[in-house]
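# Inside the fold
As a plain string of letters, each chain reads:
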Amino acid sequence: MCGVSDSLHRFLTSRDTHLQFYAAATISNLAVQTEDPSVLVTDEGLTCLVLLLQENERLIQQSCIALRNLASQAAMQERVSRCGALEPIYPLLRHHDPNIQTAALSLLHNLSILCENEERIIQMGYVPELTLVVRQWQIPEGQRHAAATLRNLATPQHIGTLVTSGVVEVLVSVVNNPKTILPVLYEVTAVLAVLSRDMEAQNRLVTQQSAVSNMVQLFAAHIKARQDLKLVFYTLGVIGGFSSNSVLRDLVVRGTDIVSQITHYITPDTPADLIKVVLWTTDLLYAHPTINGGVKCEMLASVTHLKAHASDTDVIGACEDLLAPS
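Described below are features of the structure shown in this document. Keep in mind that what you see is a predicted model, and the values were worked out from it rather than measured. (Residues numbered from 1 in each chain as written. Predicted model: local features only at pLDDT ≥ 70, side-chain atom pairs only at ≥ 80, totals over all residues. Heavy atoms only, no water.)

## Comments concerning the overall build of the protein
The helix and strand inventory of the protein stands at 21 helices and zero strands. Structurally, the protein occupies a C-alpha span of about 75 × 40 × 30 Å along its principal axes. Look at the contacts in the protein between residues 6 or more apart in sequence, and 71% of them connect residues 24 or more apart. Here the protein displays about 14,500 Å² of accessible surface, and carbon together with sulfur accounts for 53% of that area. (Helix = DSSP H or I, 4+ residues; strand = E, 2+ residues; numbered from the N terminus. Contact = heavy atoms within 4.5 Å. Areas by Shrake-Rupley, 256 points an atom, 1.4 Å probe, with all protein chains shown as cover.)

## A short note on the packing of helix 2 (residues 17-31) against helix 4 (residues 57-70)
Taken N-terminus to C-terminus, the directions of helix 2 and helix 4 make an angle of 25 degrees; their axes are 8 Å apart at the nearest point. In this view, helix 2 runs roughly parallel relative to helix 4, as classed from their interaxial angle. The crossing of helix 2 and helix 4 is left-handed. Residues T17, H18, Q20, F21, Y22, A24, A25, I27, S28 and A31 of helix 2 pack against R58, L59, Q62, S63, I65, A66, N69 and L70 of helix 4. In terms of residue class, the contact of helix 2 with helix 4 is built from 10 nonpolar, seven polar and one charged. (Axes fitted to C-alpha atoms, helices over the stretch in contact; angles between N-to-C directions. Parallel < 35°, antiparallel > 145°, perpendicular 65-115°, else oblique. Left-handed = near helix turned anticlockwise from the far one by under 90°. Nonpolar A, V, L, I, M, F, W, Y, C, P; charged D, E, K, R; others polar.)

## With respect to the layout of surface pockets
Estimated volume of the largest pocket: approximately 200 Å³. Taken together, R151, A154, A190, A193, V194, R197, F233, Y234, G237, V277 and W280 make up the lining of the largest pocket. Counting only elements with at least two residues in the lining of the largest pocket, the list comes to helix 13 (182-195), helix 16 (229-242) and helix 19 (272-285). Of the residues belonging to the lining of the largest pocket, the class tally is eight nonpolar, one polar and two charged. (1 Å grid on protein atoms, 1.4 Å probe; cavity = no way out; pocket = protein on both sides within 12 Å on 5 of 7 lines; lining within 4 Å. Points joined across faces, edges and corners; volume = space filled by probe spheres on them.)

## Re the packing of aromatic side chains
A full pass over the atoms with the stated rule returns three aromatic pairs. Judged by centre distance (5.2 Å) and plane angle (80 degrees), the ring pair of F21 and Y22 falls under edge-to-face. The interplanar angle of 70 degrees and the centroid separation of 5.6 Å between the aromatic rings of F233 and Y234 together place this pair among those described as edge-to-face. Here F233 falls in the partly exposed class, since its relative accessible area comes to 31%. (Phe/Tyr/Trp six-rings, centres within 6.5 Å; stacked < 30°, edge-to-face > 60°. Buried < 20%, exposed > 50% of the residue type's maximum accessible area, 1.4 Å probe, protein only.)

## Some thoughts on the nonpolar core
One finds L49, L70 and L195 to be the most contacted residues of the largest nonpolar core, which totals 108 residues. With nine residues, helix 13 is the largest single contributor of residues to this core. Dropping the residues within four chain positions of it, L70 is found in contact with I27, A31, P37, L40, V41, L46, L49, M76 and V80. (Core = buried A, V, L, I, M, F, W, Y, C linked by side-chain atoms within 4.5 Å.)

## A closer look at the pattern of salt bridges
Taken as a whole and judged by the stated rule, the model has 12 salt bridges. E129 is the partner of R94 in a salt bridge, and the nearest nitrogen-oxygen pair spans 2.7 Å. With a gap of 35 residues between them, R94 in the loop between helix 6 (86-92) and helix 7 (98-111) and E129 in helix 9 (residues 126-135) connect regions that are remote in the sequence. R94 gets classed as exposed once you look at its relative accessible area, which sits at 57%. E129 gets classed as buried once you look at its relative accessible area, which sits at 9%. Between E169 and R204 there is a salt bridge, with the nearest N and O atoms lying 2.9 Å from each other. Of this pair, E169 sits in helix 12 (residues 167-176) while R204 sits in helix 14 (residues 199-206); the two residues are 35 residues apart in sequence, bridging distant segments of the chain. (Salt bridge = Lys/Arg side-chain N within 4 Å of Asp/Glu carboxyl O.)

## Some remarks on helix 12
In terms of burial, helix 12 is a largely internal element, seven of the 10 residues being buried. Buried within helix 12 are the following residues: V167, V168, V170, L171, V172, V174 and V175. Buried positions along helix 12 lie against helix 9, helix 10 (140-153), helix 11 (159-164), helix 13, helix 14 and helix 15 (209-225).

## A short note on the state of the cysteines
Throughout the structure, instances matching the rule amount to zero disulfides. Unpaired in terms of disulfides, C297 finds its nearest cysteine sulfur in C319, a separation of 17 Å. (Disulfide = S-S within 2.5 Å.)

## So, unusual backbone geometry
When glycine is set aside, most residues are seen to have a negative phi, and most peptide bonds are trans. One non-glycine residue, R226, adopts positive backbone phi at about 55 degrees. On the accessibility criterion, R226 (45% relative accessible area) is partly exposed.

## Notes on the packing of helix 12 against helix 15
At a minimum axis distance of 9 Å, the contact between helix 12 and helix 15 shows a crossing angle of 50 degrees. In terms of axis orientation, helix 12 runs oblique to helix 15. The element helix 12 and its partner helix 15 pack so that their crossing is left-handed. Of helix 15, the residues touching helix 12 (which contributes V172, V175 and N176) are A211, V212, N214, M215, L218 and F219.

See below:
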């Protein structure tokens, strides 16, 4: 592999753009087939790939893909970042070619996984650009990568920045857009599930009650269908997140039958991760005064049955909290 690396390096530093393109393409392909992509290219070679992000469109796209594939593994994310990959991505997010835009977003997505890059990405002003892309449903793959990057940035120290940048309002509009495809919906609801716990985010949602009501109706339909447990997990995360706000909790309870539908998930067969968010959301909603006694009795019976058959201590503890006298 050392000989291959040397040859690729020579081609990358060549003045022949065709050789540079095929070297980048070779690295891109080998990076997804090699257990240790670090042997494919030296730091100097990585710097060459980064410099190609400012060349002709053909080289830009292929270099983005090569760097993205290299940065798909944790060990390479730091090296690719250290060689200056974050800076030239920024102007590519508004490139007229959607393929280049998508390739750049996919590279940024992988680099955003590295915790050390979070602050840099925020400080470089990427959040408004990513928010703009998420709003544009015409490029769904780029939209998915942009939302996934925001998801990586939604850590406790940066939630405030995302909220004040208007990310929450955009995410709600994407959920409500019937043209939003499922992979994008996964990422968008996952980000929203994190941000919805923030008090300022909740205050912003209160001012958008019509949009939030539409979103909750869509969530209720997904929960009732019981076909996509991944989506149910995220939607319940959103509902549980903002249900600490009384106005938003009223929108959920008074406007849908979500509370009774949630009960159907309180079974020993529900996956552990999902049952935890189900119980958490139930705990936030079931004491609402408009929920009738029959629904409450059914829910408590389901929780009692689950507690008797659960082995996960967190699940058992959540059941005990729900069953404890108020």
